[in-house]
Each structure stands twice: as C-alpha cells, then as structure tokens.
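In case you want the letters, here they are:
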Amino acid sequence: MTPVGVDIRNVALSFGTTQVLKDITVSIQPGEFFALLGPSGSGKSTLLRLIAGFNQHSHGSVLVGGKDVTGTPPWKRNVGMVFQNYALWPHMTVEQNVAFGLEERKFPREKIREKVAAALELVGLSALGKRRPGQLSGGQQQRVAIARTLAIEPQVLLLDEPLSNLDARLRVQTRQELVKLQKRLGITTIFVTHDQEEALTTCHRIAVMDQGVIQQVGTPIELFDHPANRFVAQFVGSVNLFAGRFRREGDRLRFASVQIGEIDLPPGLEPPSEGSDLAFRPHAVHFDGDGRTPSEGSIRLDGAVEGSEFLGEFLRYEIRVGEALVTADVPHERGRLPIAAGTRVGLSVPASELRFVSA
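Residues numbered from 1 in each chain as written. Predicted model: local features only at pLDDT ≥ 70, side-chain atom pairs only at ≥ 80, totals over all residues. Heavy atoms only, no water.

(A) Broad picture of the packing of aromatic side chains. This model, assessed by the stated rule, comprises eight aromatic pairs. With a centroid separation of 6.0 Å and 45 degrees between ring planes, the pair formed by Phe54 and Phe83 is classed as tilted. Linking Phe54 in the loop between helix 1 (44-52) and strand 4 (59-64) with Phe83 in the loop between strand 6 (79-82) and helix 2 (94-104), this pair joins segments that are 29 residues apart in sequence. Here the aromatic residues Phe246, Phe255 and Phe356 are joined through ring pairs into a cluster of three or more. (Phe/Tyr/Trp six-rings, centres within 6.5 Å; stacked < 30°, edge-to-face > 60°. Helix = DSSP H or I, 4+ residues; strand = E, 2+ residues; numbered from the N terminus.)

Now the structure itself:
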C-alpha cells in the first residue's frame, strides 16, 4: 500500500467550555514515524482520537491522503488505532482477536485466514495463534493488538501510549521491534507518548504539545539542540535554565541573573530578545582538570559540589553557583570516585552549547 500523509489544518476542539485543542496545524509526511509528545492533559491523545474519528472538532479540517475526512465515521477512515490498554477480547484466541476487524468488514473466510496468518507472522506470533491474551506477556499482547490493526491494512497506524503498560526492559525491546516493523512496512505512523526517551529514539519528527497547543515540531536533534521556547527546553531532555537580563558593554555581552550572578558571554554571540533565558545542557558542562581545555569561547563558572547521582553511564552532579544549582553530567570511568560534596570546582561551557530561550 502506498503511504499517505496526514494534514491537520487549524483544528480546534472543546469539551464543554474547556478548549482542549487550540488552532492545531501540522503536516505528517507519507511513511513518516511521527510522535505527539507532551505531559498529561496537553491534548495529544485527544488529537490522535480526532484523527481516528472518535472525537469531532469544532473548527478546521483533517485530511488523510489529501481527502478531507471531517465528519467521516471511524470505520470508514481506513486508519487503525492501537489503544493504551490493547483492548483485546479475553475470551477469544489470538487468531480470533486478529480476525475480528476483518469479520466486521465481511471478508471471505479464506481471505481472513490468510490475512490473520500474515499479520501474526509480521509481529512474530505465528506459533501463539491458539492462545488467549491472558496466556501472553504484556509485550506479546501489545503485538497482538498491532497485528489486529495491521490485518485490516490501514493507511495510517495510530498508537496511543502503546508501551506504557510494559516494564522498563520490555519497553526498550518492544519499541525497537516497533521501529523495525514500521520501517519494513513504510506505513505512516503517529505515536502518542509522554515519555521523551520513547519519542527521541523512535520517531523521525516530533510535535511537542502543551495546553492544547503545538509548541514546536522538529527532528529529535532539532528539538534537543534548538528548543523554540522554555517549555520545550525543559520537557525535551535535562537543561540548566536561568532567567536574567542581557546587556552590552562595548564589545562585550554580559548576562546578569539573580540566580547565577553576572557572566561574561563569549564574543560573537548575538544579543537575544528581551525576556530570554540562558540555557545549556548538563552534558555541555566541563570541569576544570577533566582533560578538556576550555576554549576562549566559553563561559566560566565557580561553585561547590552539593551532591551527585550515579546513573550508570554517567554521574550527575549538582553544583551550587551563587543562588543557583547547575546540573553537570560526567561520563563514568571505572575506578574513578565521585567528587566529594563541598569540593570547590571551576566549570566552563563552550559558546556553541549556549542557547537563548524565550518564554
């Protein structure tokens, strides 16, 4: 099946007097693996259900493959949705669950058998067709739900938090399988999640949502390296973010903050707009004496270590700088002890890692 695009144009949706989606416009490319990422209540699942046809918008339009499906009932949209709780029939076998949508569409019995077998083979469950959902692991149940959806050959696959019921190890394994499956099929896929790691590791592009508004759309690297505003910077990855005022003194640009004090910024940086914060990621913070010579284009900070967390691949330090706590991530080296709390340290952050982020 040829992949199709999905276009959301100026969509608004309210539940009673509460506006849940506010003038949403976004285009999802044919064959793209696209994520709707945001906290609970941001509107991402509401938008997914609207694409599926389970919610109706009050303004705007939804196009699938260039066709406006506004007002078209779910069963006529040719999109398939995998729900968060999988929605499997416990009294039916795996094969019967996968066949359900095909039977509703009145496919011939032989055709149903062929499609069920093909869908189960696709998700690696051919040997488990006679079992019931209660006899399967969480990851296997999730794959049954996907097979049931793929059996009807939808133009678009919609996934509503499909990994949230799995434990951490199985979640990683299942999302890797999901990526391989989507790549093999080439089907346009829209994936809802509140987990930034899931979105960053699986999807081609991501729409970050908050309070019914799309805050930014971009690739995982674009969102991480160039957040459009304070919300995106804080929601996508860890960040050091400080409010303050910028001023130019001759050729120098300075940043003054109640939190972190006054800092000379490296030459060549363009002064930001009023109301911008200074931001940099924890991995960009270098300790004096860590073997990396600070470049001339770096900011300098001095503080004292307040504590550290061992996170396996790296140590995460909190350093008191003025009134602020600066977070710094340092790769773990076997046999190297953490810097003790109370130790005075010098820090530097390269100019290339500094960001000016608006509200």
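(B) Spotlight on the nonpolar core. If you look at the biggest cluster of nonpolar residues, it comprises 42 residues, and the most contacted ones within it are Val98, Phe191 and Ile206. Contributing elements (two or more residues each) for this core: strand 3 (33-37), helix 2, helix 3 (109-122), helix 4 (138-151), strand 7 (156-160), helix 5 (168-185), strand 9 (205-210) and helix 8 (230-235). If near-sequence neighbours (up to four positions away) are discounted, Ile206 is found in contact with Phe34, Ala35, Leu37, Ala199, Leu200, Gln216, Val217, Gly218, Pro220 and Leu223. Core analysis: the second largest hydrophobic core is formed by 29 residues, Val11, Leu21, Leu48 and Ile214 among them. (Core = buried A, V, L, I, M, F, W, Y, C linked by side-chain atoms within 4.5 Å. Buried < 20%, exposed > 50% of the residue type's maximum accessible area, 1.4 Å probe, protein only. Contact = heavy atoms within 4.5 Å.)

(C) Broad picture of the pattern of salt bridges. The tally for this structure, following the rule as stated, stands at 16 salt bridges. A salt bridge links Glu114 to Lys111; the shortest N-O distance between them is 3.9 Å. Linking Glu114 with Lys111, this pair stays in helix 3, spanning three residues, or about one helical turn. Note on Glu114: relative accessible area 44%, which makes it partly exposed. Overall, Lys111 belongs to the partly exposed group, its relative accessible area being 38%. Across the salt bridge formed by Arg175 and Glu197, the nearest N and O atoms sit 3.0 Å from each other. Linking Arg175 in helix 5 with Glu197 in helix 6 (residues 196-202), this pair joins segments that are 22 residues apart in sequence. (Salt bridge = Lys/Arg side-chain N within 4 Å of Asp/Glu carboxyl O.)

(D) Layout of the sheet that holds strand 5 (residues 67-68). Sheet architecture is open: four strands sit in the order 2-1-4-5, paired in antiparallel fashion. The open sheet has two edge strands with one neighbour each: strand 2 (18-28) and strand 5. Strand direction decides the pairing type here: strand 1 (residues 6-15) and strand 2, joined by seven bridges, are antiparallel. By the bridge assignment for strand 2, Ser14 is matched with Gln19. Helix 1 rests against strand 1, strand 2 and strand 4 of the sheet, and its axis sits at about 115 degrees to strand 1. (Pairing = 2+ DSSP bridges. Axes fitted to C-alpha atoms, helices over the stretch in contact; angles between N-to-C directions.)

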